[in-house]
Number of protein chains: 2
Amino acid sequence: MKRTAFFISDSTGITAETLGQAMLAQFDNLELRRVVLAYVDTADKARSAAARIDQAAAEDGKPPILFHTIVNQQVRGIIAASKGVQLDIFSAFLNPLEQALGRRSNYTVGRAHISTIGAGYEHRINAVHYALDNDDGARINRYDQAEVILIGVSRSGKTPTCLYLAMQQGVYAANYPLTEEDLESTALPRPLQPHRSRLHGLTIDPERLAAIRHERRAGSSYASLRQCEDEVRMAEAMFRRHRIPCIDTTHISIEEIATKILVDKGLR
Amino acid sequence: MKRTAFFISDSTGITAETLGQAMLAQFDNLELRRVVLAYVDTADKARSAAARIDQAAAEDGKPPILFHTIVNQQVRGIIAASKGVQLDIFSAFLNPLEQALGRRSNYTVGRAHISTIGAGYEHRINAVHYALDNDDGARINRYDQAEVILIGVSRSGKTPTCLYLAMQQGVYAANYPLTEEDLESTALPRPLQPHRSRLHGLTIDPERLAAIRHERRAGSSYASLRQCEDEVRMAEAMFRRHRIPCIDTTHISIEEIATKILVDKGLR
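Values in this document were obtained by computation on a predicted structure and should not be read as measured data.

1. A look at the overall build of chain A
Working step 1: Within chain A, the secondary structure is distributed over 10 helices and 8 strands.
Working step 2: Radius of gyration (C-alpha) of chain A: 24 Å, far over the 18 Å computed for a compact globule of 268 residues.
Working step 3: Considering only residue pairs separated by 6 or more positions, chain A has 69% of its internal contacts joining residues 24 or more positions apart.

Structure follows, in structure tokens:
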């Protein structure tokens, strides 16, 4: 059963897509074509979107599923007249929310959907630059500004996790790669010693690590299973010895790793 | 009117928070305390969450607003018995979706909410590493792999936008900072010449740019308004001369910049 899902918005479409994908993930083995239509904010664009919906309905022989966050009334009307099943996110929640808050929403285009300009936003951008400046132990002298410092062997997932924490949560996250010299010592690496409470370890299955490293440097000793096994074993021993909490990144996504670290460190 | 909003999930809480914040953004001047409770996946954690909700109800003198995506039935029951206004995201959409698809959802904890392990996920992580390797024109020899190349003056927003495109969309995005030498020439910088169709310009209000640069290097000529005005004027002239599409980043968020570029380049 081939079918199409549309995520439609007169703004970025991030809410429609996030919610829609979460709902669709509750169904196994859906064969779905997924189409995001962002900034559908004029009658012309709405008519062109409706034409695409109707065309998908004809091709699939089934009405497409539409997740939408559309504020503009004219655009809503045009989409509502298309041959899709409407899952209207604003209608589902704005009424109960207006009742709970005892006031009307402004329901205006361009109003957020996302945290945008303002103190919180600038903080997130600064956090991204901080993560870049403090990636891979580059400037260990700024660790005192870090809210969390991720440690682990090369390619265990530190950098993407730091960037996600910065961009999505505005968290100042640094990272420190464990070198062979670090791993062979029973002491905590010196630059990390003043910051023990902010450390969080990442570990990974050695076979998975070898596969990731192989993509970067095929056939190198760096990518050999033997080397990966040794490094991971020593890193995990270090985490245990110094009671550093640790998360296995092998089977979970960056979003999940980041959220678990935030919960663990009480940063939310 | 002080009040509390909770975003609750037995998984990461990303869907609950994204949707909830989008809905709340439709109301002006809300004085809200916002609390994310992620991984509420046991009866114990649910009772502790319910206690926090009831305490907020008592302190605020108003029931808190609860946006939740909870699959676990026992956890749902405990949260439902708390003194909050329930905005139950799964209930609102899973029933209509089951009808539209003509099948039952599996409704199991840990099922996505997010695109997780798999080809798409690895592609996103590879895109993040690509963005880092190709940041600030560091390795211009890999531009042929880029789906989009952002160009603009220093601190116009290129790096965070590239990282967002990579992490959230799996887009291979490189960036090239326009130097004074580049700006004084009427030709397109040589490394960019083979890739014209993939270029996208970023511009920014010179006063805003001066403020951003000032935070980085206070009092430098780099941060002077005069310098910022000159650079921005020359960059905009270059975009016009070579018909490179351009977006003003002054008043919009990274999410919006990224989405507009995707729409413009037909990358979604």
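2. Focus: the confidence of the model for chain A
Any region with low pLDDT has predicted coordinates that should not be read closely.
Residues and elements named next belong to chain A.
Working step 1: Across chain A, the average pLDDT comes to 88, with 93% of residues at or above 70.
Working step 2: With pLDDT under 50 throughout, residues 108-117 is counted as low confidence; its partners more than four residues away or in other chains account for 30 contacts.
Working step 3: Both confidence scores are given for the complex: pTM 0.77, ipTM 0.73.

3. A look at the nonpolar core
Working step 1: A:L163, A:A166, A:A173, B:L163, B:A166 and B:A173 are the most contacted members of the largest nonpolar core, which has 79 residues in total.
Working step 2: Those residues in contact with B:A166 that sit more than four places away from it in its chain are B:R124, B:A127, B:V128, B:Y130, B:A131, B:V171 and B:A173.
Working step 3: In this structure, A:A22, A:A50, A:V75 and B:L87 belong to the second largest nonpolar core, which totals 61 residues.

4. Digging into the sheet that holds strand β3 (residues 65-69) of chain B
All names here are of chain B.
Working step 1: In spatial order, the strands read β2-β1-β3-β4; together these 4 strands make up an open sheet with parallel pairing. At either margin of the open sheet sits one strand with a lone partner, and together these are β2 (32-37) and β4 (85-88). Across this sheet, the average inter-strand angle for adjacent strands is 20°, counted without regard to direction.
Working step 2: As paired strands, strand β1 (residues 3-9) and β3 are joined by 5 bridges and run parallel to one another. Looking at β3, one finds that I8 is bridged to H68.

5. Thoughts on the relation of the copies chain A and chain B
Working step 1: Each copy of the sequence occupies a distinct position, and chain A is placed on chain B by a rotation of 180° and an axial shift of 0.0 Å, giving an RMSD of 0.1 Å. The transformation just described matches what one would write down for a two-fold rotation axis.
Working step 2: Take the interface residues of chain A: 100% of them recur as interface residues in chain B, which is what a same-surface contact looks like.

6. Digging into the interface of chain A and chain B
Working step 1: Counting from both sides, the interface comprises 55 residues of chain A and, opposite them, 55 residues of chain B.
Working step 2: Elements supplying a minimum of two residues to the side of chain A that touches chain B: α1 (14-24), β3 (65-69), β4 (85-88), α4 (89-101), α5 (119-133), α6 (158-169) and α10 (254-265) of chain A.

7. A few points about helix α9 (residues 225-241) of chain A
Along an α-helix, residues three or four apart share an orientation, since each turn contains 3.6 residues.
All names here are of chain A.
Working step 1: Given a rise of 1.5 Å per residue, 17 residues ought to cover 24 Å, and the 24 Å separating the end C-alpha atoms of α9 matches this to within 8%.
Working step 2: Within α9 the residues assigned to the buried category are C228, E231, V232, A235, M238 and F239. One face of α9 carries all of its buried residues, which in axial projection span an arc of 125°. Away from its buried face by more than 90 degrees, α9 exposes R226, A237, R240 and R241.
Working step 3: Looking at the packing, one finds that the buried side of α9 touches β5 (148-152), α7 (180-184), β7 (199-203), α8 (206-216) and β8 (246-248).

8. With respect to the packing of helix α2 (residues 43-60) of chain B against helix α3 (residues 73-80) of chain B
Residue and element names in this part refer to chain B.
Working step 1: Two numbers describe how α2 lies on α3: the axes approach to 9 Å, and their chain directions differ by 15°. Relative to α3, the element α2 is oriented roughly parallel. For the crossing formed where α2 meets α3, the hand is right-handed. Seen from α2, the contacting residues are A43, A46, R47, A49 and A50; seen from α3, they are Q74, V75, I78 and I79.

9. Observations concerning the sheet that holds strand β5 (residues 148-152) of chain B
All names here are of chain B.
Working step 1: Taking strand neighbours across the sheet as the criterion, the 4 strands line up as β6-β5-β7-β8 in an open arrangement whose pairing is parallel. Looking at which strands have only one partner, the edges of the open sheet turn out to be β6 (173-177) and β8 (246-248). Averaged over neighbouring strand pairs, the angle between their axes works out to 25° when direction is ignored.
Working step 2: Both β5 and β6 contribute to a ladder of 5 bridges, which runs parallel. Considered in β6, the bridge of V148 is made with A173.
Working step 3: Where helix α9 (residues 225-241) meets the sheet, it contacts β5, β7 (199-203) and β8, and its direction lies at approximately 150° from that of β7.

10. Quick look at the packing of α6(A) against α10(A)
Residues and elements named next belong to chain A.
Working step 1: Relative orientation of the contacting elements α6 and α10 amounts to 70°, with a least axis distance of 9 Å. The angle between α6 and α10 places the two elements in the roughly perpendicular class. Contacts between α6 and α10 involve P160, T161, Y164, L165 and Q169 on the former and, on the latter, I254, E255, I257, A258 and L262.
Working step 2: Its residues placed into classes, the contact of α6 with α10 shows 7 nonpolar, 2 polar and 1 charged.

Calculation criteria
Here, residues in each chain are numbered from 1, in the same order as that chain's written sequence. Chain A is the first chain written and ligand 1 is the first ligand written, with later ones labelled in order. Reporting in this predicted model follows two pLDDT cut-offs: at least 70 for local features of residues, and 80 or more for side-chain atom pairs to be given and counted; totals over whole chains, interfaces and linings ignore these cut-offs and use all residues. By definition, any uninterrupted DSSP run of H or I lasting at least four residues is a helix, any uninterrupted run of E lasting at least two residues is a strand, and each is numbered from the N terminus. Just to be clear, the radius of gyration here is over C-alpha atoms, and the globule rule we use is 2.2 Å times residues to the power 0.38. By definition, residues are in contact whenever their C-beta atoms, placed on the basis of the backbone, come within 7 Å of each other. pLDDT: the predictor's confidence for each residue, scored from 0 to 100. Remark: nonpolar core denotes a set of buried Ala, Val, Leu, Ile, Met, Phe, Trp, Tyr and Cys residues whose joining runs through C-beta atoms within 7 Å. For every residue, the other C-beta atoms within 10 Å of its own C-beta are counted; 20 or more classify it as buried, 12 or fewer as exposed, and values in between as partly exposed. C-beta atoms are placed from the backbone. In this scheme, strands are said to pair when DSSP sees at least two bridges between them. Geometry is summarised by axes, namely lines fitted to C-alpha atoms with helices restricted to the contacting stretch, and by angles between N-to-C directions that run from 0 to 180 degrees. The copies are overlaid by a least-squares fit using only the C-alpha atoms of residues whose pLDDT is at least 70 in both copies. In this scheme, a helix's expected span is set at 1.5 Å multiplied by one less than its residue total. The directions from the helix axis to the C-beta atoms form the arc being described. Comment on the angle field: the value is read as roughly parallel under 35 degrees, roughly antiparallel over 145, roughly perpendicular from 65 to 115, and oblique elsewhere. Note on convention: the crossing is left-handed when the near helix lies turned anticlockwise from the far helix by less than a right angle, right-handed when the turn is clockwise. Under the grouping applied here, Gly and all other residues not named as nonpolar or charged are polar, the nonpolar ones being Ala, Val, Leu, Ile, Met, Phe, Trp, Tyr, Cys and Pro and the charged ones Asp, Glu, Lys and Arg.

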